[in-house]
Amino acid sequence: MRKLLMAQDLGDLNKAVQEALEIKKNRYAYKHLGENKTLLCVFFNNSLRTRLSTQKAGMNLGMNTMVLDVNQGAWKLETERGVVMDGDKSEHLLEAIPVMASFCDVIGVRSFANFQNKEFDYQETILNQFIKYSGKPVFSMESATAHPLQAFADLITIEEYKKKERPKVVLTWAPHPRALPQAVPNSFADFMNEANVDFVITHPKGYELCDKFVRGAKVEYDQDKALEGADFVYAKNWSAYQDPNYGQILSKDMSWTVSTEKMALTDNAYFMHCLPVRRNMIVTDDVIESPQSLVIPEAANREISAETVIKRILEKL
Ligand code: AN0
Ligand code: CP
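As the structure is a computational prediction, the values presented were derived from the model and not from experiment.

(A) Inspection of the overall build of the protein at higher detail. Along the protein, the regular secondary structure elements total 12 helices and 12 strands. Taken over the C-alpha trace, the protein has a radius of gyration of 19 Å; the compact-globule value for 317 residues is 20 Å, and the two agree within 12%. Across its three principal axes, the protein shows a C-alpha extent of roughly 55 × 50 × 35 Å. Classification of the 317 residues of the protein by burial places 58% in the buried group. Surface accessibility of the protein: about 13700 Å² in total, with carbon and sulfur atoms responsible for 48%. Each charge class in the protein can be summarised by its mean position, and for the 38 positive and 42 negative side chains these summaries are 3 Å apart.

Structure (structure tokens):
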């Protein structure tokens, strides 16, 4: 494996989940694979889970792991080609990437959408520059349009907790005070479309996601109707994708908050969220603290999704 952006990069998804569950039983079984190999995690944005789980995954595999927070201590990087660099940016990504690559064997990149330019974001310009100019395998740790390590961890979690062969999984939009990327819901939709689940997306009108990820999945605009009989409720806020509102907040409607009343519409569903989550905006205290909340085991599975991906990369180095 040379890159991870979409579910299809993992090949047979069911096989990938089974491999992940095997790794979870003995996460140090492949320690020899990463000997004298270095993992570099490059962060253009904040992170708690991705930072820790990806480093831990690398260490489980015997790798040396390094983390670079580009915006804290490194030179400010220009990302657009052709710019006269007379502002506050001291270095261009086109030099920084090959330099970073010269010190490592595998690179993880976190670089959120900037919402300034939809094409720049949806072409995954920054991640693709890493792929093109590093010469090293590159995986997304949430890039402009996708967060595959999260969606893979989510799928592993659903596999572990499901009580039916084909559970109903509902992705619901929920309110948030700031404009957030579409990467998490995009990847969740991408992975659910490939999984053996009855998948429904619910959101207010105007929040339609990109077809590349939704691929004809069922969209139900009535949240209550969507939640009926759900086995898993996956909450997430995102900003508008569609023009002319790309990157904007269209609604802060608190009737979309996942509450005990909303969960009562489901078939005693589990609650999921990628975290970090704003309580009593996205989900009430009662729901996130309930026995049906999977947010902690879901986050813990980030180590397993990352380890499975990095293991596959190491096997092909
Ligand atoms: C980010 C997002 O919504 O994409 C990261 C989630 C994993 N969340 C925030 O910035 C709060
Ligand atoms: N879920 C997730 O990716 O969390 P972080 O932003 O803290 O890494």
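(B) Representation of the site of ligand 1 within the structure. Near ligand 1, the surroundings consist of Phe112, Glu142, His147, Leu180, Pro181, Lys236, Cys274 and Leu275. One of the side-chain N or O atoms of Glu142 is found 2.7 Å from an oxygen atom in ligand 1. Within the side chain of Lys236, one N or O atom sits 2.7 Å away from an oxygen atom of ligand 1. Compared with its free state, where it exposes 330 Å², ligand 1 has 82% of that area covered by protein.

(C) Broad picture of the sheet that holds strand 8 (residues 168-173). One open sheet accounts for 5 strands, arranged 10-9-8-11-12; its pairing is parallel. Here the strands that pair on one side only, and so sit at the sheet edges, are strand 10 (218-219) and strand 12 (270-272). Sheet topology note: the strand 9 (residues 198-202)/strand 10 ladder contains 2 bridges and is parallel. Of the residues in strand 10, the one forming a bridge with Ile201 is Val219. Against the sheet, helix 7 (residues 183-194) engages strand 8, strand 9 and strand 11 (232-236), with an angle of about 155 degrees to strand 9.

(D) Unusual backbone geometry, seen in detail. Residue Pro244 follows Asp243 across a cis peptide bond; omega there is 0 degrees. With respect to the helices, strands and loops of the structure, Pro244 is situated in the loop between strand 11 and helix 10 (260-263). In this chain, Leu275 is followed by Pro276 through a cis amide linkage whose omega measures 5 degrees. With respect to the helices, strands and loops of the structure, Pro276 is situated in the loop between strand 12 and helix 11 (285-288). One non-glycine residue, Asn36, adopts positive backbone phi at about 60 degrees. With respect to the element layout, Asn36 can be found in the loop between helix 1 (13-25) and strand 2 (38-43). Its identity is not glycine, yet Asn268 carries a phi of approximately 50 degrees, on the positive side. Relative to the helices and strands, Asn268 resides in the loop between helix 10 and strand 12.

(E) Region of interest: the packing of aromatic side chains. By the definition in use, this model includes 12 aromatic pairs. With a centroid separation of 5.4 Å and 70 degrees between ring planes, the pair formed by Tyr161 and Tyr270 is classed as edge-to-face. Of this pair, Tyr161 sits in helix 6 (residues 148-161) while Tyr270 sits in strand 12, and the two are 109 residues apart along the sequence. Relative accessible area serves as the criterion here: at 13%, Tyr270 is assigned to the buried category. Put simply, the rings of Phe115, Tyr122, Tyr241 and Tyr246 pair up and form one aromatic cluster. Taking NZ or CZ as reference, Lys118 lies 3.8 Å from the ring centre of Tyr241, over its face.

Calculation notes
- Residues numbered from 1 in each chain as written.
- Chains lettered and ligands numbered in written order.
- Predicted model: local features only at pLDDT ≥ 70, side-chain atom pairs only at ≥ 80, totals over all residues.
- Heavy atoms only, no water.
- Helix = DSSP H or I, 4+ residues; strand = E, 2+ residues; numbered from the N terminus.
- Rg over C-alpha atoms; globule rule 2.2 N^0.38 Å.
- Buried < 20%, exposed > 50% of the residue type's maximum accessible area, 1.4 Å probe, protein only.
- Areas by Shrake-Rupley, 256 points an atom, 1.4 Å probe, with all protein chains shown as cover.
- Lys, Arg positive; Asp, Glu negative; His and termini not counted.
- Charge placed at Lys NZ, Arg CZ, Asp CG, Glu CD.
- Near = heavy atom within 4 Å.
- Polar contact = N/O pair within 3.5 Å; in protein donor to acceptor, adjacent residues only side chain to side chain.
- Pairing = 2+ DSSP bridges.
- Contact = heavy atoms within 4.5 Å.
- Axes fitted to C-alpha atoms, helices over the stretch in contact; angles between N-to-C directions.
- Phe/Tyr/Trp six-rings, centres within 6.5 Å; stacked < 30°, edge-to-face > 60°.
- Lys NZ or Arg CZ within 6 Å of the ring centre and 35° of its normal.

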